[in-house]
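# Structural overview for review
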Amino acid sequence: MYIIITRSLLTAALSLVLASCSTTSQPVEISTEITPENALLALKAGNARYLDGDVRTHDWLHERIHKTGAEGQVPSIGVLTCADSRTPPELIFDQGIGSLFVVRVAGNFQNDAAIGTFEYGTAVLGVHTIVVLGHTKCGAVTATVAGKKLPGKMPAFTSAIQPALAGLPKGADGTISTTDAEIANVRWQAAELVKRSDILSKAKAAGTLNILCAIYDVETGAVRFLD
Ligand SMILES: [Zn+2]
């Protein structure tokens, strides 16, 4: 006798397994828990859990299928960060599916595609906070500081980062500090993101959109929010 395992049967079986484990699961993080007022605290708390190795137990089946998949997404926080494999924002901030609206590109720079994405997130989906998140040891920023000539389409990111470095002081060796450059890049990209978008600038002026700048340390795992 053959038993045909359908997707619904599999889902039901998984639900039973997850339900049996529910006594040890902590509450699922859902996007509606993050308000404009507590967004910064929620991100800091998530990063603290990540640092402590005390991340929330996520019920992925619930978050994916029963919550965001069926009911649609209501992300709270947009994140513009680097493509670097060490900077996954959902892990760094200990967030589940449906909370973060993320654009990732080498050097975390804004362009029309990123701006349009965040305009959609803000105007349509309800994103109320955008974090521009740079990181230490960023290869894209380091290459820009070094003035390296890169092949292919890679100059797309160095040329996008270059304007952010204008005016930075040079050390005795005539070079710009990479750390200074990473911070300057985050601040400049955040400013440009708003300046180049009527939708984002109006939302910010109306107080319905907050922009945060931060640097993630790839060695310690800590996120430092900039003033
Ligand atoms: Zn990077």
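In short, a report on the structure. Small disclaimer: the values here were computed from a predicted structure and weren't measured.

### A few points about the packing of aromatic side chains
Ring pairs (aromatic) are described by centroid distance and by the angle formed between their planes. Per the counting criterion, the structure on display carries 2 aromatic pairs. Taken together, a centroid distance of 6.4 Å and an interplanar angle of 35 degrees make the contact between F93 and F225 tilted. Here the residue F93 occupies a position in the loop between α4 (89–92) and β2 (100–104), and F225 occupies one in strand β5 (residues 223–225), the gap between them amounting to 132 residues. Judged by its relative accessible area of 0%, F93 falls in the buried class. The exposure class of F225 is buried, given its relative accessible area of 17%. Between F101 and Y120, the ring centres sit 6.2 Å apart and the planes meet at 45 degrees, which makes this aromatic pair tilted. Of the two residues, F101 sits in strand β2 while Y120 sits in helix α5 (residues 112–125), which places them 19 residues apart along the sequence. Classification of F101 as buried rests on a relative accessible area of 13%.

### Comments concerning the environment of F109
Among the secondary structure elements, F109 is positioned in the loop between β2 and α5. Measuring from C-alpha to C-alpha, the distance between F109 and Q189 comes to 5.7 Å, with 80 residues separating the pair along the chain. In this structure F109 touches L80, A114, A156, F157, A160 and Q189, once residues within four positions along its chain are discounted.

### With respect to the coordination of the zinc ion
Those donors, C82 (SG), H135 (NE2) and C138 (SG), are the protein atoms that reach the zinc ion, and they lie 2.0 to 2.3 Å from it. Sequence spacing of the donor residues for the zinc ion, all on one chain, is C-x52-H-x2-C. For the pair formed by H135 and C138, the shared burial category is buried.

### Quick look at the packing of α5 against helix α9 (residues 198–206)
Interaxial distance between α5 and α9 falls to 9 Å at its minimum, and their mutual angle equals 45 degrees. Considering the angle they form, α5 stands oblique to α9. Of the two possible hands of crossing, α5 and α9 adopt the one that is left-handed. When α5 is examined against α9, the residues F118, E119, T122 and A123 are found in contact with a partner set consisting of D198, I199, L200 and A203. Its residues assigned to classes, the contact of α5 with α9 comprises 5 nonpolar, 1 polar and 2 charged.

Rules of the game
Residues numbered from 1 in each chain as written. Predicted model: local features only at pLDDT ≥ 70, side-chain atom pairs only at ≥ 80, totals over all residues. Heavy atoms only, no water. Phe/Tyr/Trp six-rings, centres within 6.5 Å; stacked < 30°, edge-to-face > 60°. Helix = DSSP H or I, 4+ residues; strand = E, 2+ residues; numbered from the N terminus. Buried < 20%, exposed > 50% of the residue type's maximum accessible area, 1.4 Å probe, protein only. Contact = heavy atoms within 4.5 Å. Donors = N, O, S within 2.8 Å, 3.2 Å for Na, K, Ca; no water. Axes fitted to C-alpha atoms, helices over the stretch in contact; angles between N-to-C directions. Parallel < 35°, antiparallel > 145°, perpendicular 65-115°, else oblique. Left-handed = near helix turned anticlockwise from the far one by under 90°. Nonpolar A, V, L, I, M, F, W, Y, C, P; charged D, E, K, R; others polar.

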